[in-house]
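# Geometric and topological summary
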Amino acid sequence: MVDRNTLFNTCNRRLSGLLSGLPFGLLSGRPFGLLSGRPSGWLPVLLLLGLAFGLSGCGSCSREDPQPTEDRTRISGKITLDETFTPMPDDTLGLEGTRVLVVDLAGRPDTLFHAGTDTLGSFDGEAVFPRQGAYALRLYRSERRMADTTLLLAAQDTVRIEGSLPRFSGFTRFHSDESEAMRTLNRLERQYNRIMQIAAAGGIARDTIPHVLDNWSSIYWEVFENWPGTIASRVATLESMRMLEGRNDELMMHRLREYGDHEDIRQLAARFGFISILQREGLDAAIAWADSLEAESTARETRLRISKNRIEVLYDSSRIDQARARIRDYENRFGGDAEADAWLSVIRYDVEQLSPGLPLPSFELEVHDPPPESGEEQLTGIHQGTRTMTLEDLRGGHAVIEVVSLADRTYQANYLQLYTLHLIYHQDNIEFLTIPVERSPIAVRAFFEERGQGWPVAKAGAYAESDLEERWNIYEMPVRFLIDSEGRIIRKFHGHNINELLVELNNIINDGDNS
């Protein structure tokens, strides 16, 4: 049985995939340079928002129509030539010589809008695009590309663009609801950052900081209330929830319930509300909350994401029969969609082949043992001798087996924590094994020369030469298996959260079952 702390940490990791991929620092004026015409340095943030909030065109899809529809918006404006514009020899046109394009760069480039300026520099037309989000805006004269920036498009919005060549990028004005909302968000974010800098410097009394956060959460929430459905409102509501999470859950849950009929809020509720209820009332109540959100949702993307996360939580909490039942339900409702089917095949394998209590599929790898513990040799890097290790060699005690990329910077940053865990639990007969995916012996050796090696490490290339990717269902890294003394799986961990592993190791020691 998984204790509530473990389950809480696991759910937090699983469900954060919905909404929490945005560090608040990414919301600064620099990455969101849209409104000043700066290039698309902030575009990855908006693409991540597309994943987080389901900006796939399915926000208005019915249950019977899972396919996204095309959105349309009117784009008009005026492009002039300022005194610094120097035409090329083949550019003999006046203001009418500029072509305005909006391009979708996802996958194969696709032109969504194309208009030419008239003798006054004006243009007008309709853009047809697959989903709300950020797109490339390009200006040409003859065949020469004159400017590149980014543009936010949303259904039923109207966009007006005013700018001059050659200084278009950096001096252009965009007029639309999306642009106005983003301008407001940028302004608030700059002010909030200044307040946080003052707080960090001790300029705000510690006991007043909760009140400051409550106040700013309300200010950010007003962006949602004033511009619902915009990208800026989605960013603002996410940050508003984060300011309250774990500190003022009462206000957080009040807002989630008050606007519970809004699809964007349902997706927030599926993450923040689920975690809050899980922590206070347990898994069954949290699952019931997710069920109610899904039942009320009219957006297929929201229902699909809630369903996926619920299956993952049930699997992680060892409720395998319930996970299987939810998988069958998921297949009946979402099967036939390529993305849904791909995820289904992955999670089904985990549930059927790698659930807690099942034996870990066997392995045979060439490994480097750690250097001798005497003297300073322990920190001299990876041992050069190798031996063959199998699952049988780990029987008799618990073991942590990880598949990792040593080039992963987060893993590098966390390695000292992992090393410390090994030092603590090795005396309790808990073994460690690292299987790097690197093929280069130089890369593997360099990693451990810098950080030390405390346990066996598979030799470079051993993972690639094995079939573990398929049999252990490795689809993201790092992946860690905690197994018992008989080689049975206790947990399969995805991601970098070492605290989850720590909780499970403590459970083993506290239960006295480490032999």
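This is a predicted model, so every value here is computed, not measured.

Let us now look at the overall build of the protein chain. Per the secondary structure count, the protein chain includes 16 helices and 15 strands. The buried share among the 515 residues of the protein chain stands at 52%. Within the protein chain, residue pairs in contact and separated by at least 24 positions form 67% of the contacts whose partners lie at least 6 positions apart. Here the protein chain displays about 23,100 Å² of accessible surface, and carbon together with sulfur accounts for 49% of that area.

Here we come to the sheet that holds strand S6 (residues 144-153). Strand pairing in a sheet takes place through backbone hydrogen bonds and is either antiparallel or parallel in direction. Taken in spatial order, the four strands line up as S3-S2-S5-S6 in an open sheet, and their pairing is antiparallel. Each edge of the open sheet is held by one strand with a lone partner, namely strand S3 (110-116) and S6. Across this sheet, the average inter-strand angle for adjacent strands is 25°, counted without regard to direction. Two strands pair when backbone bridges link them, and strand S5 (residues 133-141) and S6 are joined in this way by nine bridges, in the antiparallel orientation. From the neighbouring strand, Leu139 faces S6, where its bridge partner is Ala147.

Summarising the element assignment, Arg300 is placed in helix H9 (residues 300-316). Considered as a pair, Arg300 and Phe334 are 34 residues apart in the sequence and their alpha carbons are 8.8 Å apart.

Turning to the packing of H9 against helix H11 (residues 338-353), a few remarks are in order. As a packed pair, H9 and H11 sit with axes 11 Å apart at the nearest point and diverge in direction by 10°. Taken together, H9 and H11 sit at an angle that is classed as roughly parallel. Of the residues in H11, those in contact with Leu304, Lys308, Ile311, Glu312 and Tyr315 of H9 are Ala340, Trp343, Ile347, Asp350 and Val351.

Moving on, we get to the pattern of salt bridges. According to the stated counting rule, one finds 35 salt bridges in the structure shown. The partner of Glu263 in a salt bridge is Arg266, with the nearest N and O atoms 2.5 Å apart. Taken as a pair, Glu263 and Arg266 lie in helix H7 (residues 263-281) at a separation of three residues, close to a single helical turn. The class for Glu263 is buried, based on a relative accessible area of 13%. A salt bridge links Arg326 to Asp291; its shortest N-O distance comes to 3.0 Å. Of this pair, Arg326 sits in helix H10 (residues 320-334) while Asp291 is found in helix H8 (residues 283-296), placing the two residues 35 residues apart along the sequence. Under the relative-accessibility criterion, Asp291 is labelled partly exposed at 27%. The network of salt bridges with common partners includes Asp291, Glu294, Arg310, Arg326, Asp329 and Arg333.

When two helices pack together, their arrangement is captured by the angle between the axes and the distance separating the axes. At their nearest, the axes of helix H3 (residues 177-200) and helix H4 (residues 209-226) sit 11 Å apart, and the two run at 175° to each other. Here H3 is positioned roughly antiparallel relative to H4, judged by the angle of their axes. Residues Thr184, Leu185, Leu188, Glu189, Gln191, Tyr192, Ile195, Met196 and Ala199 of H3 pack against Ile209, Val212, Leu213, Trp216, Ile219, Tyr220 and Val223 of H4. Classifying every residue of the contact of H3 with H4 by side-chain character gives 13 nonpolar, two polar and one charged.

The next thing to look at is the side chain of Ser276. Looking at where Ser276 falls in the secondary structure, it is placed in helix H7. Accessibility expressed as a relative area gives 1% for Ser276, which makes it buried. Ignoring anything within four residues of it in the chain, the contact list for Ser276 reads Asp249, Met252 and Met253.

The rules behind each value
Residues numbered from 1 in each chain as written. Predicted model: local features only at pLDDT ≥ 70, side-chain atom pairs only at ≥ 80, totals over all residues. Heavy atoms only, no water. Helix = DSSP H or I, 4+ residues; strand = E, 2+ residues; numbered from the N terminus. Buried < 20%, exposed > 50% of the residue type's maximum accessible area, 1.4 Å probe, protein only. Contact = heavy atoms within 4.5 Å. Areas by Shrake-Rupley, 256 points an atom, 1.4 Å probe, with all protein chains shown as cover. Pairing = 2+ DSSP bridges. Axes fitted to C-alpha atoms, helices over the stretch in contact; angles between N-to-C directions. Parallel < 35°, antiparallel > 145°, perpendicular 65-115°, else oblique. Salt bridge = Lys/Arg side-chain N within 4 Å of Asp/Glu carboxyl O. Nonpolar A, V, L, I, M, F, W, Y, C, P; charged D, E, K, R; others polar.

In short, geometric facts, not functional conclusions.
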